[in-house]
Amino acid sequence: SKATGRIVEPHVYVVSAGFEHQRLTNLFPSWESDKKVIEANRPFVIIKSPHRSDASEELKKLSRDRYSLAELKKKPLPEGVDPKKLETYLGDEDFKNVFKMSR
């Protein structure tokens, strides 16, 4: 804040589509909720009030770049893992064992 001379980081949240807070949707007069989107996202929403999670926690999950071979064999894949690039998530040892070559 200006009074203390410290930088205050804003809180950032991840909000699931269909579960936006009314304060946000009120800013857009033509906002319409889609019931299909709400139902599709319902299983992934952690029931909190409001329906949001701290973005720093979500970012940690999504920015992980290494997984064990066992983790990459599980279905469903870990959140944020691109199934077309599984080899990029392997550690050096697992990569060498699977592909019989170094990166």
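Quick look at the structure, then. If you're wondering where the values come from, they're calculated on a predicted model, not measured in any experiment. (Residues numbered from 1 in each chain as written. Predicted model: local features only at pLDDT ≥ 70, side-chain atom pairs only at ≥ 80, totals over all residues. Heavy atoms only, no water.)

## Section: the packing of aromatic side chains
Stage number 1. Tallying each qualifying case throughout the model produces three aromatic pairs.
Stage number 2. With centroids separated by 5.7 Å and ring planes inclined at 40 degrees, the aromatic side chains of Phe28 and Trp31 adopt a geometry described as tilted.
Stage number 3. For Phe28, a relative accessible area of 42% puts it in the partly exposed group.
Stage number 4. On the basis of relative accessible area, Trp31 is assigned to the partly exposed category, the value being 33%.
Stage number 5. Ring centres of Tyr67 and Tyr89 lie 5.9 Å apart, and the angle between their planes is 70 degrees; this geometry places the pair in the edge-to-face category. Of this pair, Tyr67 sits in the loop between helix H3 (55-62) and helix H4 (69-73) while Tyr89 sits in the loop between H4 and helix H5 (92-99), and the two are 22 residues apart along the sequence. In terms of burial, Tyr67 and Tyr89 fall into one category: buried. (Phe/Tyr/Trp six-rings, centres within 6.5 Å; stacked < 30°, edge-to-face > 60°. Buried < 20%, exposed > 50% of the residue type's maximum accessible area, 1.4 Å probe, protein only. Helix = DSSP H or I, 4+ residues; strand = E, 2+ residues; numbered from the N terminus.)

## Topic: the environment of Val37
Stage number 1. Mapped onto the fold, Val37 is located in helix H2 (residues 35-41).
Stage number 2. What makes Val37 partly exposed here is its relative accessible area of 31%.
Stage number 3. C-alpha of Val37 to C-alpha of Phe19: the two residues are 18 residues apart in sequence and 9.5 Å apart in space.
Stage number 4. Those residues in contact with Val37 that sit more than four places away from it in its chain are Ala17 and Gly18. (Contact = heavy atoms within 4.5 Å.)

## What about a nonpolar patch on the surface?
Stage number 1. Nonpolar side chains collect at one region of the surface, where Leu24, Leu27, Phe28 and Trp31 lie side by side and expose about 390 Å² of accessible area between them.
Stage number 2. Mapped onto the fold, Leu24 is located in helix H1 (residues 22-25). (Patch = residues over 30% accessible without salt bridge, like charges linked within 9 Å, V, L, I, M, F, W, Y side chains within 5 Å. Areas by Shrake-Rupley, 256 points an atom, 1.4 Å probe, with all protein chains shown as cover. Salt bridge = Lys/Arg side-chain N within 4 Å of Asp/Glu carboxyl O.)

## Remarks on unusual backbone geometry
Stage number 1. Cis geometry is adopted by the peptide bond preceding Pro76, which originates at Lys75 and carries an omega value of -5 degrees.
Stage number 2. Position of Pro76 among the secondary structure elements: in the loop between H4 and H5.
Stage number 3. For Lys100, which is not glycine, the phi dihedral falls at a positive 55 degrees.
Stage number 4. Of note, Lys100 is situated in the segment after H5.
Stage number 5. Residue classification places Lys100 among the exposed residues on the basis of a relative accessible area of 69%.

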